[in-house]
Amino acid sequence: MSQADPVPVPVPEALNASDSNGTEALNATAKFVATPEGTALAYGSLVFMALLPIFFGALRSVTCSKSKNAADMPETITSRDAARFPIIASCTLFGLYLFFKMFSQEYINLLLSVYFFVLGVLALSHTMSPFMSRLFPESVPNKQYQLLFTQGSGEDREEIVNYEFDTKNLVCLLISSVVGVWYLFKKHWIANNLFGLAFALNGVELLHLNNVSTGCILLGGLFVYDVFWVFGTNVMVTVAKSFEAPIKLVFPQDLLEKGLGASNFAMLGLGDIVIPGIFIALLLRFDVSLKKNSRTYFYASFLAYIFGLGLTIFVMHTFKHAQPALLYLVPACVGFPVIVALIKGELAEMFRYEETSPEDAKKEESSESEKKDQ
């Protein structure tokens with residue numbers, strides 16, 4: 001994957017963390033027993049928040065795949081990228097674990113806060129942009145701007161940054177900056193979730209798998225990764241507890257008792273949303289390519305995700321232990337569409353489907369036009 005992509009892909013993490021007494025909580029600073037109502041509200045909210053970026057990100061990925069704007073072009077994940085990703089994610093996760101063991105969490109999280117502040121503002125602004133285009137008053141002039149940085153001069157001049165934006169984008173950036181300042185100084189869970197949802201939606205929209213086989217390689221590799229780091233070691237849960245960054249969605253289980261100041265959280269890692277989400281988005285684009293005005297594979301995989309996440313929560317709540325969500329999500333999200341394809345006799349067609357990157361599509365169009373001219 002290109003390093004130019006502005007949206008980080010968070011590594012998957014356990015659905016929840018638990019203290020030594022089995023109490024489900026993000027932090028293990030106090031003994032807390034959630035009420036059934038509080039638990040149901042927290043889990044239900046996490047499921048609902050997880051579905052939002054997958055559904056809307058998948059819809060926006062269809063438009064994104066057809067975009068000719070360089071800023072909106074997706075990053076295509078190849079089979080080589082998919083095979084390497086679990087190794088890179090493992091090294092990153094273990095590196096963070098060592099950092100938290102060797103250095104003060106305060107200074108590490110301060111640096112991460114500034115880093116994710118910038119990324120969060122950009123991601124949230126990009127997320128809000130389509131909605132702002134509909135809500136922006138027509139009476140207000142929408143001026144166009146261009147931010148251009150070049151290197152060299154004359155024929156040797158090379159563009160480094162060429163970003164076009166308008167007044168609507170500036171309004172989105174201003175609103176996102178307010179949320180960013182709120183997160184930076186207060187670390188409030190609502191601000192964390194706003195950034196987290198923006199990261200997840202941008203990830204599903206802008207990260208594209210080139211085919212179903214690549215998706216299976218990626219999901220299969222991260223399935224092993226998630227199970228090993230959660231069940232085999234304490235690395236995943238330790239990093240999840242220590243890492244103060246919007247790479248997870250959280251919801252307080254004591255909201256009914258303490259209101260917005262609640263502090264005992266259930267959580268869901270963004271990787272458990274983005275990784276299955278980009279596979280679900282691929283199946284939606286496959287549905288579109290069939291030109292049958294149906295979204296069979298998208299809905300099958302979307303329902304499979306709901307089933308897998310619900311099963312994760314059930315097992316976690318029953319055994320009072322952090323669960324690797326991909327253990328349940330991967331078989332469901334891959335198995336359901338494959339069964340549907342077998343029933344419909346479209347399995348070979350589904351695995352033959354190949355999505356070309358916008359750059360490759362442009363090359364094909366130019367080569368075809370050259371052949372016609374000749």
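Residues numbered from 1 in each chain as written. Predicted model: local features only at pLDDT ≥ 70, side-chain atom pairs only at ≥ 80, totals over all residues. Heavy atoms only, no water.

J.: Before we move on, can you summarise the pairing of strand β2 (residues 144–151) with the specific residues and values?
T.: Bridge count between β2 and strand β3 (residues 158–166): eight bridges; the pairing is antiparallel. Bridging across to β3, Phe149 finds its partner in Val161. Here β2 hands over to β3 after six residues, with Gly152 in that stretch at a positive phi of 85 degrees. (Pairing = 2+ DSSP bridges. Helix = DSSP H or I, 4+ residues; strand = E, 2+ residues; numbered from the N terminus.)

J.: Break down unusual backbone geometry for me, with residues and values.
T.: A positive phi angle, close to 50 degrees, is found at Lys187, a residue other than glycine. Here Lys187 lies in the loop between α4 (167–186) and α5 (189–206). The backbone of Lys291 shows a phi angle near 55 degrees, a positive value even though the residue is not glycine. Structurally, the position occupied by Lys291 is in the loop between α9 (271–290) and α10 (296–319).

J.: Explain a nonpolar patch on the surface residue by residue, including any values.
T.: A contiguous nonpolar surface patch, about 520 Å² in accessible area, is contributed by Phe94, Leu98, Phe99, Met102 and Phe103. On the secondary structure map, Met102 appears in helix α2 (residues 79–102). (Patch = residues over 30% accessible without salt bridge, like charges linked within 9 Å, V, L, I, M, F, W, Y side chains within 5 Å. Areas by Shrake-Rupley, 256 points an atom, 1.4 Å probe, with all protein chains shown as cover. Salt bridge = Lys/Arg side-chain N within 4 Å of Asp/Glu carboxyl O.)

J.: Can you tell me about the packing of aromatic side chains, naming the residues and giving the values?
T.: One pass over the full model with this rule turns up 16 aromatic pairs. When the ring centre of Tyr183 is taken as reference, the NZ or CZ atom of Lys187 above it lies at 5.2 Å. (Phe/Tyr/Trp six-rings, centres within 6.5 Å; stacked < 30°, edge-to-face > 60°. Lys NZ or Arg CZ within 6 Å of the ring centre and 35° of its normal.)

J.: Can you explain the packing of α9 against helix α11 (residues 326–344)? Please cite residues and give values.
T.: When two helices pack together, their arrangement is given by the angle between the helix axes and by the axis-to-axis distance. α11 packs onto α9 with a crossing angle of 5 degrees between their chain directions and a minimal axis gap of 10 Å. Between α9 and α11, the interaxial angle falls into the category roughly parallel. On α11, the residues that touch Asp272, Pro276, Phe279, Ile280 and Leu283 of α9 are Leu326, Leu329, Cys333, Val334 and Pro337. Classifying every residue of the contact of α9 with α11 by side-chain character gives nine nonpolar, no polar and one charged. (Axes fitted to C-alpha atoms, helices over the stretch in contact; angles between N-to-C directions. Parallel < 35°, antiparallel > 145°, perpendicular 65-115°, else oblique. Contact = heavy atoms within 4.5 Å. Nonpolar A, V, L, I, M, F, W, Y, C, P; charged D, E, K, R; others polar.)

J.: Just give me the short version of the pairing of strand β6 (residues 265–269), but keep the residues and values in it.
T.: The element β6 is extensively covered by neighbouring structure, given that five of its five residues are classed as buried. Of the pairings in the sheet, the one linking strand β5 (residues 248–252) to β6 comprises five bridges and is antiparallel in character. Pairing of Pro252 across the sheet is with Phe265, part of β6. (Buried < 20%, exposed > 50% of the residue type's maximum accessible area, 1.4 Å probe, protein only.)

J.: Would you mind going over the confidence of the model for the protein in detail, with residue names and values included?
T.: The pLDDT averaged across the protein works out to 83; a share of 85% of its residues lies at or above 70. Taking the mean pLDDT of every element in the protein, the minimum, 54, falls on helix α13 (residues 358–373) and the maximum, 95, on α5. Every residue in residues 1–14 is under pLDDT 50, and counting partners more than four places away or in other chains gives 48 contacts. Scored below 50 in pLDDT, residues 16–30 shows 47 contacts in the model against residues more than four places distant or in partner chains. (pLDDT = per-residue confidence, 0-100.)

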